[in-house]
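So you can see what is in the structure, the chains are spelled out below.
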Amino acid sequence: MLHGYEEYKEDLLPMLRGMFVFVIYDKNTKELFGARDFYGIKPLYYALMGKTFMFGSEIKSFLANPNFKKELNKDMLELYLTFQYSVGTDTFFKNVFKLKPGHYFKYKDNKLKIKKYYELKFNPNNKKSLEDFEHGIKELLDDSIKAHKISDVEVGSFLSSGVDSSLIATLSNVDKTFTVGYEDKRYSEIDYAKDLSSKINVTNISHKITKEEYFEKFPNIQYYMDEPLADPSAIALYFVANTASRHVKVALSGEGADEIFGGYNIYHEPYSISWYYKIPYIIRRFIGICIYPFRHIRGFNFLYRRSLKLEDRYVGNAFMFETSEIKKILNYKPKKTYKELTKPYYDKIKNYDDVTKMQYIDFNFWLVGDILLKADKMSMANSLEVRVPYLDRILIDYARQIPTKYKIKNGKTKYVFRQVASEVLEDKFASKKKLGFPVPIREWIKDEDITKKIKETFSLANEFFNTDKIIKLLDEHIEGKKDNSRKIWTIYSFLIWYQEYFVLR
């Protein structure tokens, strides 16, 4: 790396492969050079306060610096309430920023310059057949897994019920897989993981997460995250990393496959309801306006969402609060909206189909701000190195050529990828519908002890929220009037994070 930089300077970056964040100080030019990997697998934060330039993989590493001024960046809250994570280059700490994936910086004489060196561009190749892509993906995935297994220590693999981790566990020939679940079988992937592990002759080590330990560990996890994250699966990821860390130092994981191969269930929407999109937009929009007051009711929600253009309703795999809802629950006037961030990305891909647009938005928002961040923070909190073979530059450079017709086909998402998986996995594994990391938050919130805990936290939140409004969200959920679980969890996660960083420490 050092000699490569000495020889090529920033031109070294496109030659690299894998995950990285590094900073090099050039004694000859008295210049700092720092770079973050292509996809944001590893984080890099920086702050310039006075004449002190700070950088690190964790914001909390800045707190002990006598020149660091800890202030809440309140303007991030309204964006967080939409996305459920800290989005963009700003952070919840004033004057602390994230270096974006595929970017590098140069710092000299108290001046900072940032430049992009990589951007994912989808370039569908309609000349190649489905079989061509199957062969290419299999060959490059095998090569990526082989490269990611290079280690001086034993390598294991995370294993959920999804096809992504199942394929990695099968192709990698590891000795151990690691899974977490719950007593409630509806939310547990342990039985599935043990079934697959026995079939590929691998030891599966699992842990059942109790409600008590989930909530006991939650404040610590918000501290480890550096910024609030309302993805309930982050806690599950902490426990699977904790379980794995007792047996191995390195684990493979399946992040990135959905964004690249088109795996999220919502990607099928343009095909499954194509009949509705044949109705002229002006009529759909009129219907949406008429049913707006009832948009949270099943059925009406369908009509409302389809009355909006994709760029007005899709910000990534999670959309927690609408702008109108945010204005009601905050006790101050919001300054920012999600469109300020998403519009430049939609402008770049305006000529692509809706599936590719959603992939592009997820790749630049959801993958970086939620999926990869929690994987890094939760694994590092347990001193475990997690490697992600799907996010390999060579594999992605190939996969970006896959036409949408091979991603969504015969009622299935990531079709070509599942075809590859079906060569080595039984159909029940290769064709399994995506679940994510299921967590019984919806039910737990209704339990008396958890309801009490959340209500007490909400009642003291008048610095940010209209407490009557957010308690009403909780009451509606408990009474079964609405499923407000994700919205409640988004608010609660922020408040617990705020306590950790600005009240208790």
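Anyway, here's the lowdown on the structure attached to this text.

What counts and how
Residues numbered from 1 in each chain as written. Predicted model: local features only at pLDDT ≥ 70, side-chain atom pairs only at ≥ 80, totals over all residues. Heavy atoms only, no water. Salt bridge = Lys/Arg side-chain N within 4 Å of Asp/Glu carboxyl O. Helix = DSSP H or I, 4+ residues; strand = E, 2+ residues; numbered from the N terminus. Buried < 20%, exposed > 50% of the residue type's maximum accessible area, 1.4 Å probe, protein only. Phe/Tyr/Trp six-rings, centres within 6.5 Å; stacked < 30°, edge-to-face > 60°. Lys NZ or Arg CZ within 6 Å of the ring centre and 35° of its normal. Lys, Arg positive; Asp, Glu negative; His and termini not counted. Contact = heavy atoms within 4.5 Å. Pairing = 2+ DSSP bridges.

Examining the pattern of salt bridges
No. 1: For the coordinates displayed, the defined rule picks out 38 salt bridges.
No. 2: The closest approach of N and O atoms between E10 and K106, which form a salt bridge, is 3.3 Å. A residue pair is termed long-range when its members are at least 10 positions apart, and E10 in the loop between α1 (2–8) and β1 (21–26) and K106 in strand β6 (residues 103–108) qualify at 96 residues.
No. 3: In this structure, the salt-bridge partner of K414 is D258, at a minimum N-O distance of 2.6 Å. Placement of the pair is K414 in the loop between α19 (404–407) and α20 (415–422) and D258 in helix α8 (residues 257–261), with a sequence separation of 156 residues. Comparing K414 with D258 shows no difference in burial state: the two are buried.
No. 4: One salt-bridge network, in which partners are shared between bridges, spans E58, K60, D226 and K377.

Quick notes on the packing of aromatic side chains
No. 1: A complete count under the given rule lists 59 aromatic pairs for this structure.
No. 2: Ring geometry for Y46 versus F53: centroids 6.4 Å apart, planes at 40°, classification tilted.
No. 3: Residue F53 is classed as buried on the basis of its relative accessible area, which comes to 13%.
No. 4: Directly above the aromatic system of Y332 lies the positively charged group of K74, at a separation of 4.3 Å from the ring centroid.
No. 5: Geometry around Y281 places K309 over its ring, the cationic atom sitting 5.2 Å from the centre.

What about the side chain of D37?
No. 1: Along the chain, D37 turns up in the loop between β2 (31–36) and β3 (45–49).
No. 2: Of the side chains bearing the opposite charge, R36 lies closest to the buried D37, which forms no salt bridge; the N-O distance is 5.4 Å.
No. 3: Excluding anything up to four places from it in sequence, D37 contacts G18, M19, F20, K42, P101, G102 and Y117.

Some details on the pairing of β2
No. 1: Counting buried residues in β2 gives six out of six residues, a clear majority hidden from the surface.
No. 2: Residues E31, F33 and A35 line one face of β2 and the alternating positions L32, G34 and R36 line the opposite face, and both faces are buried.
No. 3: Hairpin geometry of β1 and β2 is characterised by an intervening segment of four residues between the two adjacent antiparallel strands and by a positive phi of about 55° at K30.
No. 4: As paired elements, β2 and β6 share four bridges and run antiparallel to each other.

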